[in-house]
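Here are the chains, one letter per residue:
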Amino acid sequence: MAPIPITVFTGFLGAGKTSVILSLLPKLPKDYKVVLLKNEFGDLQVDSKLAQQSSLTAVSEILNGCMCCVLVGQMQTALLEIRDNYCPDRIIIECSGSAFPATLAFQIRQLERDTGGDFGLDAIVTVVDAENFIGYEDTSPTAKMQASYSDIILINKWEHVSERGLDIVMDHLYTLNDTTPKIKCQGRNGVDPELIFGLQSRLFLSESEAPVEHDEVETLTLGRGGILEHHHHHSEPCTKEEHDRPIEKDALIEALGLLPRDAVWRVKGFVRLEDGKWYIVNWAFGRYELREYAGEDVVRIEMTVMGSRGDVRRAIARFVSVLVSR
């Protein structure tokens, strides 16, 4: 059998990796089987629940850690299980927003050898948020490395910036990586799969290619009553009043508007608004989306906040204050 091609999607927090991946699916043949292996921050399977509503053959999650470092063993096990259970035409791995996939790529290379060629690293695809790339490139070594070590760079959200602003982003990207093709996503239509599938990556064939990785993202979990400490989140009982009292939509929007973009990069989770319905809230660098969620597996208000290590607690203080008081 031919190797199962693996496409790895990387990109900084909020770049739009999940949206780009889901946009590929309608363009594939109806009998083409794709399995998504997704690495989420925290314990919330937010984007994975959206993906499960798509035409993906299956969605597998690795939660509460970074798949490119401490959870590498879990990634290998998950790939073997996907091979045995689904025998897909392609596996897509979506890394967490702070991940640089060098270690992950080496593990895929090792798995290629260990299985006698059952898998093949097809491409590392980096999604860049054109609207915010200059800002987080200045403070994030990971963002620079993601753009520097990639087979394809997809320019997302470019329609939100001026022509001059886009030129500046492209200049920065060419400075970081002048040889990798750079393709503009077409809004919700994403990109043509033929442009990113079948590349047969030559990256990370040697361990000498691996740069130093940085752990720069801090993750906190918020409930209706504020920050959930780790021990509380996993073991202590939570009252309905604390975690299930509906949030006013205006209060949520006001609170999101108070988040500082330099310290808080992403907020996503489940909220119940005053209309009694559950919603997925997705906020990144000042833009937010509320999408109604009809699943019955959400039992309490809970959000994951990601941002600059050491700054997140201070940065979300006003956000939490509005949610708790309203």
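Residue numbers restart at each chain and count upward from 1, following the sequence in its written direction. Local features in this predicted model are restricted to residues whose pLDDT is 70 or higher, and side-chain atom pairs enter the listing and the counts only when it is 80 or higher, whereas totals over whole chains, interfaces and linings include all residues. To obtain the side-chain values, all non-hydrogen atoms of the structure were used and water was disregarded.

1. Examining helix H10 (residues 249-257)
Selection criterion: Working definition: with a 1.4 Å probe on protein chains only, accessible area under 20% of the residue-type maximum means buried, over 50% means exposed, and in between means partly exposed. A run of H or I in DSSP becomes a helix once it reaches four residues, and a run of E becomes a strand once it reaches two; helices and strands are each numbered from the N terminus. Of all possible arcs, the one meant is that of the directions from the helix axis to the C-beta atoms. Residue contacts follow a heavy-atom distance rule, with two residues in contact if any of their heavy atoms lie within 4.5 Å.
Among the residues making up H10, those that are buried are Ala 251, Leu 252, Ala 255 and Leu 256. All buried residues of H10 lie within an arc of 135° about the axis, which places them on one face of the element. Structural note: H10 exposes Asp 250 and Gly 257 on the side pointing more than 90 degrees away from its buried face. Among the structural elements, strand S10 (264-272), strand S11 (278-284), strand S12 (287-293) and helix H12 (317-325) are those in contact with the buried residues of H10.

2. Remarks on the environment of Phe 319
Its place among the elements puts Phe 319 in helix H12. Separated by 65 residues in sequence, Phe 319 and Glu 254 have C-alpha atoms that sit 8.2 Å apart. Residues in contact with Phe 319, not counting those within four places in the same chain, are Leu 222, Ala 255, Leu 256, Leu 259 and Met 303.

3. Examining the side chain of Thr 7
Put simply, the rule is: What qualifies as a polar contact is a pair of N or O atoms within 3.5 Å, subject to a donor-acceptor requirement within protein and to the restriction that residues adjacent in sequence count only when both atoms come from side chains.
Take Thr 7: it is sitting in strand S1 (residues 4-10). One polar contact links Thr 7 to Arg 90, side chain to side chain, over a distance of 2.8 Å. Those residues in contact with Thr 7, other than ones at most four positions away along the chain, are Arg 90, Ile 91, Ile 92, Ile 93, Asp 122, Ala 123, Val 125 and Phe 197.

4. Looking at the sheet that holds strand S8 (residues 217-223)
Put simply, the rule is: A pair of strands counts as paired when DSSP detects no fewer than two bridges linking them. Each axis is a line fitted through C-alpha atoms, and for a helix only the stretch in contact is used; angles between axes span 0 to 180 degrees, taken between their N-to-C directions.
One open sheet holds the six strands; their spatial order is S9-S8-S13-S10-S11-S12, and the pairing between them is antiparallel. The sheet terminates laterally at strand S9 (226-228) and S12, the two strands that pair on one side only. With direction set aside, neighbouring strand axes in the sheet form an average angle of 25°. Sheet contacts for H10: S10, S11 and S12; angle to S12, the most-contacted strand, approximately 150°.

5. Observations concerning the environment of Ile 196
Along the chain, Ile 196 turns up in the loop between strand S7 (182-184) and S8. For Ile 196, a relative accessible area of 0% puts it in the buried group. C-alpha separation for the pair Ile 196 and Ile 124, spaced 72 residues apart in sequence, amounts to 9.0 Å. Residue contacts for Ile 196: discarding those within four places in its chain leaves Phe 9, Leu 24, Asp 122, Ala 123, Val 125, Ile 152, Leu 154 and Val 191.

6. Re the nonpolar core
Stated formally: Take the buried Ala, Val, Leu, Ile, Met, Phe, Trp, Tyr and Cys residues and link them wherever side-chain atoms come within 4.5 Å; each set so joined is a nonpolar core.
Leu 259, Val 264, Val 271, Met 303, Ile 316 and Phe 319 are the most contacted members of the largest nonpolar core, which has 31 residues in total. Counting residues per element, the ones that place at least two in this core are S8, H10, S10, S11, strand S13 (302-308), helix H11 (312-315) and H12.

7. Description of the packing of aromatic side chains
Convention followed: Aromatic pairing here means that ring centres of Phe, Tyr or Trp (its six-membered ring) are within 6.5 Å. Orientation follows from the plane angle: under 30 degrees is stacked, over 60 is edge-to-face, and everything else is tilted. As a reminder, the over-ring test applies to NZ of lysine and CZ of arginine, requiring each to be within 6 Å of the ring centre and within 35 degrees of the ring normal.
Applying the stated rule across the entire model yields two aromatic pairs. Pairing Phe 270 with Tyr 293 gives two aromatic rings, centres 5.5 Å apart and planes at 55°, and the pair type is tilted. Remark: Tyr 293 occurs in strand S12 and Phe 270 occurs in strand S10; sequence separation between them is 23 residues. The aromatic ring of Phe 197 is capped on one face by Arg 90, whose charged end is 3.9 Å from the ring centroid.

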